[in-house]
Amino acid sequence: MPFDPLLLAHARHVVVFTGAGVSAESGIATFRDKLTGLWERFDPAQLASAEGFAADQALVWGWYEMRRAGIAQANPNPAHHAIASLAARVPKLTLVTQNVDDLHERAGSQDVLHLHGRLDAFRCYRCARPVEALPPLADGALEGRRIEPPRCAHCAGPLRPGVVWFGEQLPEPVLSQACEAAEHCDLLLSVGTSGLVQPAASIPRLALAAGATVLHINPQPQVSGHRREFAIAGKAGEVLPGLMTRGFE
Ligand code: OAD
């Protein structure tokens, strides 16, 4: 049975759970897509772990600066805009993202729960103090460039990006809020995620177990066959605006 778009209009609390695929049409690489995914070309153990940073700070900092520069040049796409406008059409919407970019915010979404942190929220690797004034972006072609991280004004330790690396805990208040929303929503839209990274990947399952309807929007959706679980195969920037039209007009 296909998903009924009127479920959107009738929902009281919608959770939108996004992954890298929601930013793909903005030109931001996903992680696991064949050929284009970041983890096809780069080693996560080297670039996205505390051990990797300790081993080669300049390599890791340069890689995150490259990604930050790419995000700064990108713009929100129709999927980000559709999610922001959905928030104005339903009584309650909780936006939970695994993404470390700020494209949801730039599309107008507020109170975004960033499960994996944000690229532009730097802190000291040694004393963990947050850094308010961001260092300016390096210019020019950044791919493959080693850049020494700036130093903390308090302890002179190296700065690190405010993202969750492999082996690190997710920010507890953010994870709790996301789980709480999943357990109390009536509709969860899972957009552009492979659902392979825990604990984030369990959020749609929490919603399903608590009685919500779950809709996956993905060119290659994975569904369990549960009677309240649906999928629309397609790009988020095409499917979401279409759903908004069919659900509300
Ligand atoms: P993945 O790269 O694992 O998955 C991206 C998903 O997006 C895939 O299922 C694609 O089919 C789908 N996709 C691609 N283009 C799309 C489009 N235009 N519209 C909709 N979907 C599209 O990315 P995530 O699931 O976000 O962790 O990965 C989860 C985590 O793994 C990330 O947050 C990151 C990574 O390691 C950290 O940084 C801690």
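Residues numbered from 1 in each chain as written. Predicted model: local features only at pLDDT ≥ 70, side-chain atom pairs only at ≥ 80, totals over all residues. Heavy atoms only, no water.

**Concerning the domain arrangement of the chain**
Parsing the chain into structural domains produces domain 1 (1-27 + 75-116 + 169-249) and domain 2 (29-73 + 119-163). Between the C-alpha centres of domain 1 and domain 2 the distance comes to 27 Å. Taken together, the contact pairs 14 residues of domain 1 with 13 residues of domain 2. Across the domain 1 to domain 2 interface the summed buried area is about 870 Å²; carbon plus sulfur atoms make up 56%. One can count zero salt bridges joining domain 1 with domain 2. Counting the contacts that link domain 1 with domain 2 gives two residue pairs in polar contact (both at pLDDT 80 or more). Of the residues that constitute the side of domain 1 that touches domain 2, the class distribution is five nonpolar, six polar and three charged. (Domains from an automatic or database assignment. Contact = heavy atoms within 4.5 Å. Buried area = accessible area lost by both parts, 1.4 Å probe. Salt bridge = Lys/Arg side-chain N within 4 Å of Asp/Glu carboxyl O. Polar contact = N/O pair within 3.5 Å; in protein donor to acceptor, adjacent residues only side chain to side chain. Nonpolar A, V, L, I, M, F, W, Y, C, P; charged D, E, K, R; others polar.)

**Brief notes about the nonpolar core**
Leu86, Leu189, Leu240 and Leu243 are the most contacted members of the largest nonpolar core, which has 26 residues in total. Among the elements of the structure, strand S1 (13-18), helix H6 (78-87), strand S6 (187-191), strand S7 (213-218), strand S8 (229-233) and helix H10 (236-248) are those that each provide at least two residues to this core. Here this core takes six residues from H10, the largest share from any one element. In contact with Leu189, other than residues within four places in its own chain, are Leu8, Val14, Val15, Val16, Phe17, Leu86, Leu215 and Leu240. Residues Val15, Val174, Ala181 and Ile203 belong to the second largest nonpolar core, which totals 19 residues. (Core = buried A, V, L, I, M, F, W, Y, C linked by side-chain atoms within 4.5 Å. Buried < 20%, exposed > 50% of the residue type's maximum accessible area, 1.4 Å probe, protein only. Helix = DSSP H or I, 4+ residues; strand = E, 2+ residues; numbered from the N terminus.)

**Thoughts on unusual backbone geometry**
With omega at 5 degrees, the peptide bond leading from Gln198 into Pro199 counts as cis. Of note, Pro199 is situated in the loop between S6 and helix H9 (202-209). A positive phi angle, near 75 degrees, is found at Leu35, a position not held by glycine. Tracing the backbone shows Leu35 in the loop between S1 and helix H2 (38-41).

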